[in-house]
Amino acid sequence: MPVLVMKFGGTSVANLDRIRRAAKRVGVEVAKGYDVIVIVSAMSGETNKLVGLVDDTSPLYDAREYDAIVSSGENVTAGLMALTLQEMDVPARSWQGWQVPLLTTSAHSQARIEEIPTDNLNAKFGEGMRVAVVAGFQGLSPEGRITTLGRGGSDTTAVAFAAAFGAERCDIYTDVDGVYTTDPRISPKARKLDKISFEEMLELASLGAKVLQTRSVELAMRYKVKLRVLSSFEEQSDEAGTLVCDEEEIMESNVVAGVAYSRDEAKMTLLSVADRPGIASIIFGCLSDAGVNVDMIVQNISEDGRTDMTCSLPTDQVARAKQALEQLKTDGGLNYAELVTDDGVAKVSVVGIGMRSQSGVAAKMFKVLSDEGVNIKVITTSEIKISVLIDRKYMELAVQALHDAFELEKV
Ligand code: ADP
Ligand code: ASP
Ligand code: MG
């Protein structure tokens, strides 16, 4: 039988009514003749609650226990979804990550999927099971411990299953009816896209558009998974939602496809470090060892052999980064005058493959921000994106102004 993967995010399984609604949709696909792998997230708010319990118990927690705790929300929804399907006379059972098993690296709280053996599920499909409900977000390390795939990781679970089982499609059901030109919660003018290229979706996701986890887009691109984002709240046709696909499949597109933002960014500057070979390696090696994910990096022009080094990082990693760099100074590994942090910034980015062939996008972006009186603190670019770091209080204004200026509400 052909296989379909259907993933339901937190708001789509937030209570029993919604689980029933999602189960009905699964039933429709089963009736069409598909064997279905359903991937579920925890009920909305549940994972945040579990993370809060960990933080309140132990500020410098053991990541293995963090994973054991925060993965548990998905166990509940997987069981409830299987029961609901059984109530509808659909042969279904639940699977936790370790039961499949979904094998991952041992990088707790941000593990990567290594392999998904298909034998166990296939054996059950062979015996008449029509739906395997799999708890998203969780896996099993080589050491036999429970791992998690990073926040939003159920998207990645879904795509990985679609790749492993050669699914006809991977449908991601969420609380919006597709991928928009920007977060529809920030801009009422955001427009739903019928199609978006893997490359653009990858950039949007990694720059903050949380509708898909970045890694899920990477996997879909690599394994050519037909990936679709659609709403679990509306009746759906086979053409509903947004298809994430190869750029060749998209006939027409704007130079800028979308605007992304990341609210919880911080800026950190090391004042007066020596400007000599090896310094960047020492600083960023130290941050990497501390598990800090640095994004933008800028080095000032040097004066008298000293320079300032600035980078951006997620706000919740500032404490860890500070501790690591202060320790480095104490140990004599790096000499600097001062460490200055600003955790009131946000990153706003414009993304589009059209930028490869059309110039002037950066100039226009900077003009728009300047007209709005928004000061740019750091800039980075790649072939298909431009990102700026600005004061967080201007973030929504900047997103809306850029959306207007690049006329993203129009096709
Ligand atoms: P789920 O719980 O289903 O995984 P998420 O909250 O992780 O859902 O992702 C869906 C949310 O992503 C939407 O509610 C929306 O606010 C946000 N989002 C951000 N950028 C975009 C975008 N460009 N298009 C659609 N949604 C976006
Ligand atoms: N429940 C997890 C989270 O909130 C995984 C997911 O929903 O994708 O991050
Ligand atoms: Mg999500």
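Up top you'll find the structure we're talking about.
All figures in this text were calculated on a predicted structure; none of them were measured in a lab.

(A) Local environment of the nonpolar core. One finds Val5, Ile37, Leu121, Phe161, Cys170 and Met201 to be the most contacted residues of the largest nonpolar core, which totals 43 residues. When residues in this core are grouped by element, the largest group, five residues, is from helix α6 (residues 154-164). Among residues more than four places away in sequence, those in contact with Phe161 are Val5, Ile37, Ile39, Val100, Leu102, Ile116, Leu121 and Val134. Leu4, Met6, Val133 and Leu230 belong to the second-largest nonpolar core, a separate cluster that totals 25 residues.

(B) Spatial organisation of the sheet that holds strand β15 (residues 306-314). If you trace the six strands from one edge of the open sheet to the other, you get β14-β15-β13-β16-β18-β17, paired in antiparallel fashion. The sheet terminates laterally at β14 (297-299) and β17 (378-382), the two strands that pair on one side only. Across this sheet, the average inter-strand angle for adjacent strands is 25°, counted without regard to direction. Where β14 lies against β15, three bridges are found, and the strand directions are antiparallel. Counterpart to Gln299 in the pairing with β15 is Met309.

(C) Seen up close, the environment of Tyr34. In this structure, Tyr34 sits in the loop between α1 (16-31) and β2 (35-40). Residue Tyr34 is classed as buried on the basis of its relative accessible area of 12%. In sequence terms Tyr34 and Arg130 are 96 residues apart; their C-alpha atoms lie 7.7 Å from each other. Filtering out sequence-adjacent residues up to four positions away, Tyr34 remains in contact with Pro2, Val3, Leu4, Glu29, Arg130 and Glu168.

(D) Quick look at the environment of Lys377. With respect to the element layout, Lys377 can be found in the loop between α11 (361-371) and β17. Once you skip the residues sitting within four places of it in the chain, Lys377 turns out to touch Lys267, Asp342, Val345, Leu389, Ile390 and Asp391. There is a polar contact of 3.4 Å between the side chain of Lys377 and the side chain of Asp391.

(E) A look at the site of ligand 2. The environment of ligand 2 is formed by Ser41, Ala42, Thr47, Glu74, Phe137, Arg151, Gly152, Gly153 and Ser154. Separating an oxygen atom of ligand 2 from a side-chain N or O atom of Ser41 is a distance of 2.9 Å. Note that an oxygen atom of ligand 2 is positioned 2.7 Å from one of the side-chain N or O atoms of Arg151. Coverage of ligand 2 by the protein amounts to 86% of the 260 Å² it exposes when considered alone. Residues that form the shell around ligand 2 fall into these classes: two nonpolar, five polar and two charged.

(F) Highlighting the site of ligand 1. The environment of ligand 1 is made up of 16 residues, and the closest members are Thr174, Asp175, Tyr180, Asp183 and Arg185. Between ligand 1 and Gly10 there is a distance of 3.2 Å, counted from an oxygen atom to a backbone nitrogen or oxygen. In the model, an oxygen atom of ligand 1 is placed 2.6 Å from a nitrogen or oxygen of the Thr174 side chain. Bound to the protein, ligand 1 loses 88% of the 570 Å² it would expose on its own.

(G) Just helix α8 (residues 214-223), in detail. By the burial criterion, the buried members of α8 are Arg215, Ser216, Val217, Leu219 and Ala220. Against α6, α7 (198-206) and β11 (227-231) lie the buried residues of α8. Just downstream of α8 lies Lys224, where phi reads positive at about 55°.

(H) Region of interest: the pattern of salt bridges. Inspection of every chain in the model, using the stated rule, returns 22 salt bridges. Linked by salt bridges that have partners in common, Arg169, Asp171 and Arg228 make up one network.

(I) Looking closely at the packing of aromatic side chains. Counted by the stated rule, this structure contains three aromatic pairs. Both rings, one in Phe8 and one in Tyr173, keep their centres 4.8 Å apart while their planes meet at 15°; by these two values the pair is stacked. Of this pair, Phe8 sits in strand β1 (residues 3-8) while Tyr173 is found in strand β9 (residues 169-174), placing the two residues 165 residues apart along the sequence. Considered together, Phe8 and Tyr173 belong to a single accessibility category, that of buried residues. Between the aromatic rings of Phe161 and Phe165, the centroid separation amounts to 5.9 Å while the plane-to-plane angle is 10°, which identifies the pairing as stacked. Taken as a pair, Phe161 and Phe165 share a single burial class, namely buried. The residue whose ring lies beneath Arg93 is Trp95, and the NZ or CZ to ring-centre distance is 3.6 Å. Just above the ring of Tyr336 sits the side chain of Lys329; from NZ or CZ to the centre is 4.7 Å.

So, how was this worked out
- Residues numbered from 1 in each chain as written.
- Chains lettered and ligands numbered in written order.
- Predicted model: local features only at pLDDT ≥ 70, side-chain atom pairs only at ≥ 80, totals over all residues.
- Heavy atoms only, no water.
- Core = buried A, V, L, I, M, F, W, Y, C linked by side-chain atoms within 4.5 Å.
- Buried < 20%, exposed > 50% of the residue type's maximum accessible area, 1.4 Å probe, protein only.
- Helix = DSSP H or I, 4+ residues; strand = E, 2+ residues; numbered from the N terminus.
- Contact = heavy atoms within 4.5 Å.
- Pairing = 2+ DSSP bridges.
- Axes fitted to C-alpha atoms, helices over the stretch in contact; angles between N-to-C directions.
- Polar contact = N/O pair within 3.5 Å; in protein donor to acceptor, adjacent residues only side chain to side chain.
- Near = heavy atom within 4 Å.
- Areas by Shrake-Rupley, 256 points an atom, 1.4 Å probe, with all protein chains shown as cover.
- Nonpolar A, V, L, I, M, F, W, Y, C, P; charged D, E, K, R; others polar.
- Salt bridge = Lys/Arg side-chain N within 4 Å of Asp/Glu carboxyl O.
- Phe/Tyr/Trp six-rings, centres within 6.5 Å; stacked < 30°, edge-to-face > 60°.
- Lys NZ or Arg CZ within 6 Å of the ring centre and 35° of its normal.

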